[in-house]
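# Report on the structure
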Amino acid sequence: MKLKLDIDPDIVAMMAAEVVAGERAVTAAMREAGTGLKSAWRSQITGAGLGRRLANSIRNQNFPRSGESLHAAALVWSKAPVIVGAHDTGPLIRSKDGFWLAIPLPAAGKSTRGGRITPGEWERRRGLRLRFVYRRTGPSLLVAEGRLNTKGQAVVSRSKTGRGKVTAPIFLLVPQVKLPKRLDLARDAERAVDDVPGRIVANWVEVRFLQK
């Protein structure tokens, strides 16, 4: 007795087609996951009131950059990792030199470089000396003798009689500040990872349907 076994369709071709389908499914799933996580992180940042500029620091990149692979991956990161990380962890901030953190009050104005002005920059710009005022209860102060302009900022008084001259609090001095935790990036990252298997299956089914 002679037996003959024919496999139709060709099993090698079937397996090759499944590999192609898998590469497309995994690559598409990782692209979706990366884009979705980037969008979720940006929404968190704007929802926390941290601004569109910081939200736009969140970027994503897919690997491979072109083509498809069973080992496809997505990387999501921030171009401002220190700022985003601080709002994500809520760290305790202390002075670098172990003394005081100077927190500018409205009378201090803004830095020419943007952001918060430092005591040293303030003295150079205003031409006034800051004076330390210790307070047993509440934060200590750095104050200046001058007048308040129309913007409520302390400036040099030109009055010879002392009219309008005030002692203006310029900086609060505190030993440390606890930054509130305003983000939970891990929550969205874990959700994105959990969704990946379902995305792969859905894309694989779609690819196999299109191949028929």
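This text follows the structure it describes.
Right, let's walk through the structure included here. What you are looking at is a predicted structure, and each value in this text was computed from that prediction instead of being measured. (Residues numbered from 1 in each chain as written. Predicted model: local features only at pLDDT ≥ 70, side-chain atom pairs only at ≥ 80, totals over all residues. Heavy atoms only, no water.)

## Here's the deal with the nonpolar core
To be explicit about the condition: Take the buried Ala, Val, Leu, Ile, Met, Phe, Trp, Tyr and Cys residues and link them wherever side-chain atoms come within 4.5 Å; each set so joined is a nonpolar core. Here the term buried applies to any residue with accessible area under 20% of the maximum for its type, exposed to any over 50%, and partly exposed to those in between, with areas from a 1.4 Å probe on protein chains only. Numbering of helices and strands runs from the N terminus; a helix is a DSSP stretch of H or I covering at least four residues, while a strand is a stretch of E covering at least two. What makes two residues a contact is simply this: any of their non-hydrogen atoms within 4.5 Å.
Core analysis: the biggest nonpolar cluster contains 14 residues, and Trp41, Ile45, Leu50, Leu54, Val84 and Leu183 have the highest contact counts within it. If you list the elements that add at least two residues to this core, you get helix H1 (11-47), helix H2 (52-55) and helix H5 (185-211). At three residues, H1 tops the list of elements feeding residues into this core. Here Leu54 is in contact with Ile45, Ala80, Ile83 and Val84, once residues within four sequence places are set aside. Formed by 13 residues, the second largest nonpolar core is a distinct cluster that contains Ala107, Ala108, Leu128 and Leu173.

## Things to note about the environment of Leu50
For Leu50, the location among the structural elements is in the loop between H1 and H2. Each C-alpha atom of the pair Leu50 and Leu183 lies 9.9 Å from the other, and the pair is 133 residues apart in sequence. Ignoring sequence-local partners within four residues, the contact set of Leu50 consists of Ile45, His87, Arg182 and Leu183.

## Points about the layout of surface pockets
Keep this limit in mind: Cavities and pockets were defined on a 1 Å grid built over protein atoms only: a cavity is a set of grid points that admits a 1.4 Å probe from which the probe cannot escape, a pocket is an open set flanked by protein on both sides within 12 Å along at least five of seven lines, and lining residues are those with an atom within 4 Å of any such point. Grid points are joined across faces, edges and corners, and a volume is the space filled by probe spheres set on the points. Ten residues, namely Ala, Val, Leu, Ile, Met, Phe, Trp, Tyr, Cys and Pro, are considered nonpolar, four, namely Asp, Glu, Lys and Arg, are considered charged, and the remaining ones, Gly among them, are considered polar.
Of the pockets and cavities examined, the largest pocket occupies roughly 620 Å³. Lining the largest pocket are 16 residues, and of these Ile93, Leu101, Ala102, Ile103 and Arg116 lie nearest its centre. For the lining of the largest pocket, the secondary-structure elements that each account for two or more residues are helix H3 (81-89) and strand E4 (101-104). Per-element tally for the lining of the largest pocket: the top contributor is E4, with three residues. Here the lining of the largest pocket is built from residues that sort into 10 nonpolar, four polar and two charged.

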